[in-house]
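Take a look at the letters that make up each chain.
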Amino acid sequence: MVSVLRRERRPRNFLEGVIWKQILSFFLPILAGSFFQQLYNMVDTVVIGHALGTNALASVGTTTSLISLLVELFVGVSGGASVVIAQYYGAREEEKVSKAVHTAVAFSLAGGLFLMVAGSLSAKPLLRLMQVPDEILDDAALYMQVYYAGAIGSLLYNMGTGILRSVGDSRTPLLILIVCCFVNIGLDLLFVLKFNWGIFGVAFATILSQYTSAILVMLILMRSGDCCRISLKKIRFHGPLLKQIIRIGLPNGLESASYSFSNVFVQTAINGFGTVAIAAWSAIARIDCVVWMVMSAYAISVSTMVGQNFGARQYDRLKKITRVGFWMNLGSIVVVSLGIYFFCPYLLAIFTEDKEVIETGCMFLRILATSYSLYVCISIFSCVIRGCGESLQPMIITLLFICGLRLVWMLALVPRYPSISFVALCYPATWLTTGTIFLIYYLRGRWLTRAIKRQEAA
């Protein structure tokens, strides 16, 4: 298996060629990989919803924002490593690429160990703070504790695939995800339907598939023939590169965590409407993820291309990549949004047979579907700015205008207008505001001037 994946490794640069074709060729494997990653999450939800019932579906759904809060912080920092590696790869500085790769792996191991301990210990107290109903509290805590046992595998996989993508290889991560998707599906069916392990079985299947993906990506990098090759003896922190990764990655991680932090308050508000609302939100998350798969695939593609061209000092091409990536992303999101709006009852029925859950979910999804396109400005412009090494400013904008506004909405407005539909409206409100700010910030261009000055001084 590893030898097959190794033959597929095709590091490449994006310094010349037709931009839309390059975006598409890089985007499609990432999107397909995201699809398979979400497929086993969807299978989890289908198995839970149909085999274990509405309470079990609500138990898992209520943990999503909390799990993301911690995991996204470290995965976001990993994104800093991808930017650094892409820039050095574009500048042909192979020794620095190698040191950045080994520093990134060391960070993933340390971060995964921290998550295993902190996540497990904080699970039940945090769920209580979120006012999770007593009838699903124990199952939700169990799911979180088992899930966090796979933190090292999750971070190693995300870091490993980030390394591969930063040098232009989006096909190997896709093949790994296909393998692990079927591993997870098979284990789900075995543990839940055959062994009757319930919530534990679903979580255990997930972490086993995560460790499988981590082992595969590490073996591939260890057998790589280029500057991304990993040697176990060389895995350590290189001070200057760690500092650079954290400078770019920590704001990115905090930005990602801020989304999850604000969603904790959204989840808390939804918890107040009872088990049906929680179960609907759980099913919505599996449909909603299709939009974020597309957004994320474009963001990774554009960020990688921008990083390489910034490293090669091709600033005009960098701007062209941004324009093309924006319109491709917007067109794709409009098509996906229309599909979700019109077919949401049938999509929700995949996960549950409860008519009340489906009705609640449709109302929420249709509000989201009419506003997803507002997020394209945030997705593209923030990843372009980060791809040039400027990550503090996107973090500040996100903290103020997504996290901050969402908190105000949940804490000050929802108590006055207590309804699921009003909770849903916080998303278009914050996306519109933040997207406008990002558009203005990008067009002013001062961020690029600062990034170029920093590059010339290095």
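Parameters at a glance
- Residues numbered from 1 in each chain as written.
- Predicted model: local features only at pLDDT ≥ 70, side-chain atom pairs only at ≥ 80, totals over all residues.
- Heavy atoms only, no water.
- Helix = DSSP H or I, 4+ residues; strand = E, 2+ residues; numbered from the N terminus.
- Rg over C-alpha atoms; globule rule 2.2 N^0.38 Å.
- Contact = heavy atoms within 4.5 Å.
- Areas by Shrake-Rupley, 256 points an atom, 1.4 Å probe, with all protein chains shown as cover.
- Lys, Arg positive; Asp, Glu negative; His and termini not counted.
- Charge placed at Lys NZ, Arg CZ, Asp CG, Glu CD.
- Core = buried A, V, L, I, M, F, W, Y, C linked by side-chain atoms within 4.5 Å.
- Buried < 20%, exposed > 50% of the residue type's maximum accessible area, 1.4 Å probe, protein only.
- Phe/Tyr/Trp six-rings, centres within 6.5 Å; stacked < 30°, edge-to-face > 60°.
- Lys NZ or Arg CZ within 6 Å of the ring centre and 35° of its normal.
- Bend = angle between axes of the 7 residues up to and from the residue.
- Salt bridge = Lys/Arg side-chain N within 4 Å of Asp/Glu carboxyl O.
- Patch = residues over 30% accessible without salt bridge, like charges linked within 9 Å, V, L, I, M, F, W, Y side chains within 5 Å.
- Axes fitted to C-alpha atoms, helices over the stretch in contact; angles between N-to-C directions.
- Parallel < 35°, antiparallel > 145°, perpendicular 65-115°, else oblique.
- Left-handed = near helix turned anticlockwise from the far one by under 90°.
- Nonpolar A, V, L, I, M, F, W, Y, C, P; charged D, E, K, R; others polar.
- Disulfide = S-S within 2.5 Å.

1. Thoughts on the overall build of the protein chain
Thought 1: When helices and strands are counted, the protein chain shows 18 helices and zero strands.
Thought 2: Taking 2.2 N^0.38 as the reference for a compact globule, 458 residues should give roughly 23 Å; the C-alpha atoms of the protein chain span a radius of gyration of 21 Å, in line with that estimate.
Thought 3: Intrachain contacts of the protein chain at a sequence separation of at least 6 include 85% that bridge at least 24 residues.
Thought 4: Accessible surface, the protein chain: about 18,200 Å² in total, of which carbon and sulfur atoms supply 65%.
Thought 5: The averaged location of the 23 negative side-chain charges in the protein chain is 12 Å from the averaged location of its 37 positive side-chain charges.

2. What about the environment of G33?
Thought 1: The topology assignment puts G33 in helix α2 (residues 19-52).
Thought 2: The sequence separation of G33 and Y143 amounts to 110 residues, and the corresponding C-alpha distance is 24 Å.
Thought 3: Ignoring any residue separated from it by four or fewer positions in sequence, one finds G33 in contact with L174 and L177.

3. Considering the nonpolar core
Thought 1: With 153 residues, the main nonpolar core has F364, Y372 and V384 as its most contacted residues.
Thought 2: Considering every element that reaches this core, the biggest residue donor is helix α11 (residues 275-311), with 20 residues.
Thought 3: Beyond its immediate chain neighbours, meaning those up to four positions away, F364 contacts I270, W281, I284, I420, V423, A424 and Y427.

4. Side note on the packing of aromatic side chains
The geometry of two aromatic rings is summed up by the distance between their centres and the angle between their planes.
Thought 1: Taken as a whole and assessed by the stated rule, the structure comprises 28 aromatic pairs.
Thought 2: Their ring planes at 50 degrees and their centres at 5.1 Å tell us that F195 and W197 sit as a pair that is tilted.
Thought 3: Given the relative accessible area of 38%, F195 is considered partly exposed.
Thought 4: What makes W197 partly exposed here is its relative accessible area of 37%.
Thought 5: An aromatic cluster is built from W281, W292, F364, Y372, Y375, Y427 and W431, whose rings are joined through pairwise contacts.
Thought 6: Sitting above the plane of the Y341 ring, R366 keeps its charged end 5.5 Å from the centroid.

5. A short note on helix α5 (residues 94-129)
Thought 1: By the largest-angle criterion, A123 marks the main kink of α5, which is about 50 degrees, and a proline, P125, follows within four residues.
Thought 2: Phi turns positive one or two residues past the end of α5, at Q131, with a value near 60 degrees.

6. Points about the pattern of salt bridges
Thought 1: A complete count under the given rule lists five salt bridges for this structure.
Thought 2: The partner of E390 in a salt bridge is R450, and the shortest N-O contact between them spans 3.5 Å. Of this pair, E390 sits in the loop between α14 (376-387) and α15 (392-413) while R450 sits in helix α18 (residues 446-457); the two residues are 60 residues apart in sequence, bridging distant segments of the chain.
Thought 3: Look at R450 and you get partly exposed, because its relative accessible area is 33%.
Thought 4: A salt bridge links E390 to R454; its shortest N-O distance comes to 2.5 Å.

7. A look at a nonpolar patch on the surface
Thought 1: Taken together, the side chains of V334, L338, Y341, F342, F343 and Y346 present a nonpolar region at the surface, about 660 Å² in accessible area.
Thought 2: Inspection of the secondary structure assignment puts L338 in helix α12 (residues 315-349).
Thought 3: According to the relative accessible area criterion, L338 is partly exposed, its value standing at 49%.

8. Observations regarding the packing of helix α8 (residues 171-194) against helix α9 (residues 198-222)
Thought 1: Close contact between α8 and α9 brings their axes to 8 Å; oriented N to C, the two are set at 155 degrees. Classified by the interaxial angle, the pair formed by α8 and α9 is roughly antiparallel. Crossing handedness for the pair α8 and α9: right-handed.
Thought 2: Looking at side-chain class alone, the contact of α8 with α9 contains 14 nonpolar, eight polar and one charged residues.

9. Quick word on the state of the cysteines
Thought 1: Evaluated as defined, the whole model comprises zero disulfides.
Thought 2: We note that C180 lacks a disulfide partner, and the nearest cysteine sulfur, in C181, lies 8.9 Å from it.
Thought 3: By relative accessible area, which is 1% here, C180 ends up buried.
Thought 4: This cysteine, C426, is not joined by any disulfide, and C403 carries the nearest cysteine sulfur, 11 Å off.

10. Digging into unusual backbone geometry
Thought 1: In this structure, Q131 takes a positive phi of about 60 degrees despite not being glycine.
Thought 2: Here Q131 lies in the loop between α5 and α6 (134-148).
Thought 3: In this structure, R313 takes a positive phi of about 65 degrees despite not being glycine.
Thought 4: Topologically, R313 is positioned in the loop between α11 and α12.
Thought 5: Residue R313 is classed as partly exposed on the basis of its relative accessible area of 45%.

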